[in-house]
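Residue-level listing of the chains:
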Amino acid sequence: MTSDICVVIPAYNASATIKDVVRGALKYVSRVIVADDGSTDDTAGAASEAGAEVLVIEKNKGKGNALKLLFQKAIEEGYRSVISMDADGQHDPEDIPQFIAIYTRHPDDIIVGSRMHEKEKIPRARYNSMCIARFYISLVANQFLEDTQCGFRLYPLLIIKRLRLMTEGYVTETELLIKAGDMGIHIRFVKVKTIYSEHGSHFKPITDITSITAYIISYAHIKWLIEGVTSNNQNTYSAKNYVRDRIGENRKIDVLFQILTAFTALPATIIFLAEYIILPLFIPHNFASIRKLGCGFSKVTIATQMLPFVLLFAILEKTIQAAGFQVNFVDRFIGRFYSNLWKGKK
Ligand SMILES: Nc1nc2c(ncn2[C@@H]2O[C@H](COP(=O)(O)OP(=O)(O)O)[C@@H](O)[C@H]2O)c(=O)[nH]1
Ligand SMILES: [Mg+2]
C-alpha cells in the first residue's frame, strides 16, 4: 500500500457504481477522495459508506472543476501524486497496481490509461474521433499520445502545480496533457481494461467534442505562431504569461478567439506551411517540434485540409449504410491521414 498517492474521483450522479470503485481503490491506496458534484442522487452517501472522504460541490460545475478541487485538496494534504478515476465503473481498480509499478520507476512522469489496444470494444464513432483528436493533441504535446481521452491517470502533483488550468468540463483533461507535454513532461501509457457499460454517459458528443476540438485548434494556433518565429523552441508552454492563457482570462474573448481560429484553421495551416519553408533562411530551426518528425509541415497541412472531408465521408457512409449497403471507408481514411507521425522515431 503506497502512502504518497491518493485516488481522486470526480463524480456526478454515480450512486449505483461509486461504492465498488471506492472499495476497489482502497485495496491499493489508503485514501480515496470523491468530489460529489451537485448530484441529485445519493452519490455522497454511497461514497462515504464505502470509505471515501467526500468533498461536496453544491452545484454541478463539470468534471474539470471537480478535478481541480481534488488536485488542490491532495496538494494541501501533502500527497505527492494522485490517481484519477471515473465514477461510473469504466475504470477497473484492479489496474491501479500497473500505474504504481510504472510510477515507482518513473515518478516524474504522467501515466495515462490506454484503451486503444481494445479497439473493437470502443464505439466506432467515438474511436474515430479519438484518433483525430490524438493526432493533433500529440502534435501540440510534442509526443505521440496513445489515448488522450481516458480519465484513468496518474499525475505527479508537482506537475499540476506548474500548470495553469483554464478550461472546464471535459476539456480540462485534454488541456492538461497538451500543456504538460508542451512543457517537456514525458507522458507514459499503461494498457487498461476497456469497459463500455450500459450506465450511460454525461458526455454530449456534439457540444463536448466541439469544445475539445476548438480548444486544441486555438492552442495549436498560438504554439505554431510562436514556434514559427523562434529557433529551437519546441516546449512553448509556461504557466507564467502564456499568450493562450492570457486570452483565456476573458471568457468572451476566449470564445471569440476559439471561433476565429476554428474558422481560419484551413488557410492558417497553409500560412504556417509557408513559414516552415521560407523562414528558416532567417530563423533557423523554427517549428522545432514539427521538424523532429522529419515529415515536414505538409502532413499536418494535408490532414487539416482533409477535415471537412472526414465529416462529408462520415455522412455519406451513414447514408449508404442506411440504404442497406455494407460500406466502411471512414476508418481507412482516418488511418491514412491521421496516423502516428512518431512511429519509428525515438
Ligand atoms: N464531478 C463531475 N464529474 C463528472 C461529471 N460528468 C462526468 N464526470 C466524471 O467523468 C467520468 C466520465 O464521464 P462520463 O459521462 O462517463 O463520460 P464517458 O465515460 O467519456 O462517456 C464520470 O464517470 C464521472 O466520474 C460532472 O458533471 N461532474
Ligand atoms: Mg463513462
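This structure is a prediction, so every number in the text was calculated from the model and none was measured.

Novice: I'd like to hear about the domain arrangement of the chain, residue by residue, with values.
Specialist: Domain boundaries in the chain define domain 1 (5–196) and domain 2 (208–337). The gap between the C-alpha centroids of domain 1 and domain 2 is 25 Å. The interface is formed by 26 residues belonging to domain 1 together with 24 residues belonging to domain 2. Elements represented by at least two residues in the side of domain 1 that touches domain 2 include exactly α5 (124–140) and α7 (171–181). Here the element with the most residues in the side of domain 1 that touches domain 2 is α5; it accounts for 10 residues. Taken together, the residues that form the side of domain 1 that touches domain 2 break down as 14 nonpolar, 7 polar and 5 charged.

Novice: Any chance you could break down the nonpolar core for me, citing the residues and the numbers?
Specialist: The biggest cluster of nonpolar side chains holds 84 residues, and the ones touching the most others in it are Cys6, Val32, Val34 and Ile216. Viewed by domain, this core spans two of them, domain 1 (5–196) and domain 2 (208–337), each represented by three or more residues. Contact partners of Cys6, with chain neighbours within four places excluded, come to Val29, Arg31, Val32, Ile33, Ala74, Tyr79 and Val82.

Novice: Tell me about the UniProt feature "domain: Glycosyltransferase 2-like" (unreviewed entry) in the chain, and name the residues and values.
Specialist: In this numbering, the UniProt entry assigns the feature "domain: Glycosyltransferase 2-like" (unreviewed entry) to residues 6–130. For residues 6–130, the end-to-end C-alpha separation is 28 Å, with 37% helix and 21% strand making up the annotated structure.

Novice: Pulling in residues and values, what's your account of the site of ligand 1?
Specialist: Residues in contact with ligand 1 amount to 17 residues; listed here are only the nearest, Pro10, Asp37, Ala66, Asp86 and Ser201. Sorting the residues of the shell around ligand 1 by element identifies β1 (5–11), β2 (32–37) and α3 (63–76) as the ones contributing at least two each. Looking at the shell around ligand 1 residue by residue, the class counts come to 7 nonpolar, 6 polar and 4 charged.

Novice: So what's going on with the sheet that holds strand β4 (residues 81–84)? Which residues, and what values?
Specialist: Read across the sheet, 7 strands follow the order β3-β2-β1-β4-β6-β5-β7 without closing on themselves; strand pairing throughout is mixed. The sheet is open, and its two borders are formed by β3 (53–57) and β7 (187–191), each paired with just one other strand. Ignoring which end each strand starts from, the neighbouring axes of this sheet average 25° apart. Contacts from helix α4 (residues 96–105) reach β4, β5 (110–114), β6 (153–156) and β7 within the one sheet, and its direction differs from that of β7 by about 145°.

Novice: Any chance you could break down unusual backbone geometry for me, citing the residues and the numbers?
Specialist: Of note in the backbone geometry, Asn13 takes a positive phi value of approximately 45° without being a glycine. At His285, a position not held by glycine, the phi torsion is positive, near 50°. Tracing the sequence through the fold places His285 in the loop between α11 (265–278) and α12 (288–291). Under the C-beta neighbour-count criterion, His285 is labelled partly exposed, with 14 such atoms within 10 Å.

Novice: Describe in detail the packing of helix α8 (residues 205–228) against α11, supporting the description with residues and values.
Specialist: The interhelical angle for the contact between α8 and α11, taken along N-to-C directions, is 20°, at an axis separation of 11 Å. By the angle between their axes, α8 is roughly parallel relative to α11. By crossing handedness, the relation of α8 to α11 is classed as left-handed. Along the contact surface, α8 presents Ile217, His221, Trp224 and Gly228, while α11 presents Ala265, Ala268, Phe272 and Glu275.

Novice: Hey, could you go over the environment of Ile277 for me, with residue numbers and the actual values?
Specialist: Looking at the element boundaries, Ile277 is found in helix α11. Counting along the chain gives 101 residues from Ile277 to Leu176, while the straight-line C-alpha distance between them is 31 Å.

Novice: Before we move on, can you summarise the UniProt feature "transmembrane region" (unreviewed entry) in the chain with the specific residues and values?
Specialist: What UniProt calls "transmembrane region" (unreviewed entry) maps, in this numbering, to residues 255–277 and 297–316. From the first C-alpha to the last, residues 255–277 spans 31 Å; its make-up is 96% helix and 0% strand. With 95% helix and 0% strand, the stretch residues 297–316 has end C-alpha atoms that lie 29 Å from each other.

Criteria and cut-off values
- Note on numbering: residues in each chain are counted from 1, in written sequence order.
- Just so you know, chain letters begin at A and ligand numbers begin at 1, following the order they were written in.
- At least 70 in pLDDT is required for a residue's local features to be given in this predicted model, at least 80 for side-chain atom pairs to be given and counted, and no such filter applies to totals for whole chains, interfaces and linings, which use all residues.
- Where each domain starts and ends follows an automatic or database-derived domain assignment.
- Contact between two residues is assigned when their C-beta atoms, built from the backbone, lie within 7 Å.
- Here a strand is any run of E in DSSP of at least two residues, a helix any run of H or I of at least four, and the numbering for each starts at the N terminus.
- Put simply, Ala, Val, Leu, Ile, Met, Phe, Trp, Tyr, Cys and Pro go in the nonpolar bin, Asp, Glu, Lys and Arg in the charged bin, and everything else, Gly too, in the polar bin.
- Put simply, a nonpolar core is buried Ala, Val, Leu, Ile, Met, Phe, Trp, Tyr and Cys residues tied into one set by C-beta atoms within 7 Å.
- Comment: burial labels come from other C-beta atoms within 10 Å of the residue's own C-beta, placed from the backbone, where a count of 20 or more is buried, 12 or fewer is exposed, and between is partly exposed.
- UniProt positions are given in the numbering used here, feature names are shortened, and annotations may be inferred rather than shown by experiment.
- As a rule, any residue with its backbone-derived C-beta atom within 6 Å of a molecule or strand is reported as near that molecule or strand.
- In this analysis, strands are considered paired if DSSP registers two or more bridges between them.
- As a rule, the C-alpha atoms of each element are fitted with a line to give its axis, helices using only the stretch in contact, and angles between N-to-C directions run from 0 to 180 degrees.
- Oblique is the label for any angle not covered by the other classes, which are roughly parallel (under 35 degrees), roughly antiparallel (over 145) and roughly perpendicular (65 to 115).
- Crossing handedness: left-handed means the near helix sits turned counterclockwise from the far one by under a right angle, and right-handed means the same turn made clockwise.

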